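Here are the chains, one letter per residue:
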Amino acid sequence: MASASLQFFAFILALFGVFGDIIATLLPNWKVNADVGSNIITAITQMQGLWMDCTWYSTGMFSCTLKYSVLSLPIYIQAARTTMVLSCILSAFGICISTVGMKCTKLGGDTDSKSHACFAGGVCFILAGIFELVPTSWYTREIISNFLDQTIPESSKHEPGGAVYTGFISAAFLLIAGVIFCTSCFKKQQGAWIYPPKQHHFPSTEQDSNAGYNLKDYV
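Since the model is a prediction, treat every value here as computed from it, not as a measurement.

## Some points on the overall build of the protein
A tally of regular secondary structure across the protein gives five helices and five strands. For the protein, the sequential pattern of α-helices and β-strands runs α-β-β-β-β-α-α-β-α-α. When contacts within the protein are restricted to residue pairs at least 6 apart in sequence, those whose partners lie at least 24 apart make up 64%. When the accessible surface of the protein is split by element, carbon and sulfur atoms take 69% of a total near 13,500 Å².

## Description of the pairing of strand S4 (residues 62-66)
Consecutive residues of a regular strand have side chains that alternate between opposite faces of the sheet. Summarising the sheet, strand S3 (residues 52-57) and S4 pair through five bridges and their orientation is antiparallel. Each bridged residue has a counterpart across the sheet, and for cysteine 54 the counterpart in S4 is cysteine 64. The hairpin turn running from S3 into S4, its antiparallel successor, is four residues long, and glycine 60 in that turn takes a positive phi close to 105 degrees.

## Quick look at the pattern of salt bridges
Inspection of every chain in the model, using the stated rule, returns two salt bridges. Among the ionic pairs, aspartate 53 bridges to lysine 67, the shortest N-O distance being 3.2 Å. Of this pair, aspartate 53 sits in strand S3 while lysine 67 sits in the loop between S4 and helix H2 (75-101); the two residues are 14 residues apart in sequence, bridging distant segments of the chain. Note on aspartate 53: relative accessible area 27%, which makes it partly exposed. Measuring nitrogen to oxygen at the nearest pair gives 3.6 Å for the salt bridge that ties glutamate 142 to arginine 141. For arginine 141, a relative accessible area of 55% gives the class exposed.

## Remarks on the state of the cysteines
On inspection of all chains with the given rule, the structure shows one disulfide. Across the disulfide from cysteine 54 sits cysteine 64; the S-S distance is 2.1 Å. Measuring handedness by torsion sign, the sulfur bridge of cysteine 54 and cysteine 64 sits at about 105 degrees and is right-handed. With a gap of ten residues between them, cysteine 54 in strand S3 and cysteine 64 in strand S4 connect regions that are remote in the sequence. Counting only cysteine sulfurs, cysteine 182 is the nearest neighbor of cysteine 124, a cysteine outside any disulfide, at a range of 9.3 Å.

## Comments concerning the pairing of strand S2 (residues 44-48)
Pairing of S2 with S3, which is carried by five bridges, proceeds in the antiparallel orientation. In the sheet register, threonine 45 faces S3, and the bridge partner there is tryptophan 56. Count of turn residues in the S2/S3 antiparallel hairpin: three residues.

About the thresholds
Residues numbered from 1 in each chain as written. Predicted model: local features only at pLDDT ≥ 70, side-chain atom pairs only at ≥ 80, totals over all residues. Heavy atoms only, no water. Helix = DSSP H or I, 4+ residues; strand = E, 2+ residues; numbered from the N terminus. Contact = heavy atoms within 4.5 Å. Areas by Shrake-Rupley, 256 points an atom, 1.4 Å probe, with all protein chains shown as cover. Pairing = 2+ DSSP bridges. Salt bridge = Lys/Arg side-chain N within 4 Å of Asp/Glu carboxyl O. Buried < 20%, exposed > 50% of the residue type's maximum accessible area, 1.4 Å probe, protein only. Disulfide = S-S within 2.5 Å.

Just geometry here; none of it tells us what the structure is for.
Pasting the structure below:
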């Protein structure tokens, strides 16, 4: 019962991780630059994401421009696009597979099949978390290195946006959920290896009957 509750808790964490993964992939505020200028009326906030760049003016106007050209993008943005999409796909597969392998569901057939499905779902969550954590860390490193570079003007420097923090949190949720799913399945299999089922040996009835006939021959 405790293992089933732990798996259900991991499934909830995985759901939050999947939603955060999708949101972080689509949000345009991976890096933010607030330029107040000399007048508060002309203050603007520039946001750059994986798929679009947006500008918000203090007057209330909001405009976005899609990034159509892939080859013109920096290599870390191209890598972030690919790995984040893979992370979303793997996490979605993990949700489907772990639903079959959870103990509180009646799907998946026998116990061994559910254990294998549970382990496979945990592996999908771990891979999804890694695929999300790597581009988020790489993107953050580029932002910090450009911010500390003295040759870059202040107007071109950015800070990490909300999408970066969302990516870190959702990656942590996916990694924790994957570890819980894998360890819960591993503990169950390990217990079966340490304590194998006892085999009961019953005496053969044929030997007893043959022994009886042999005694009659000697009488």
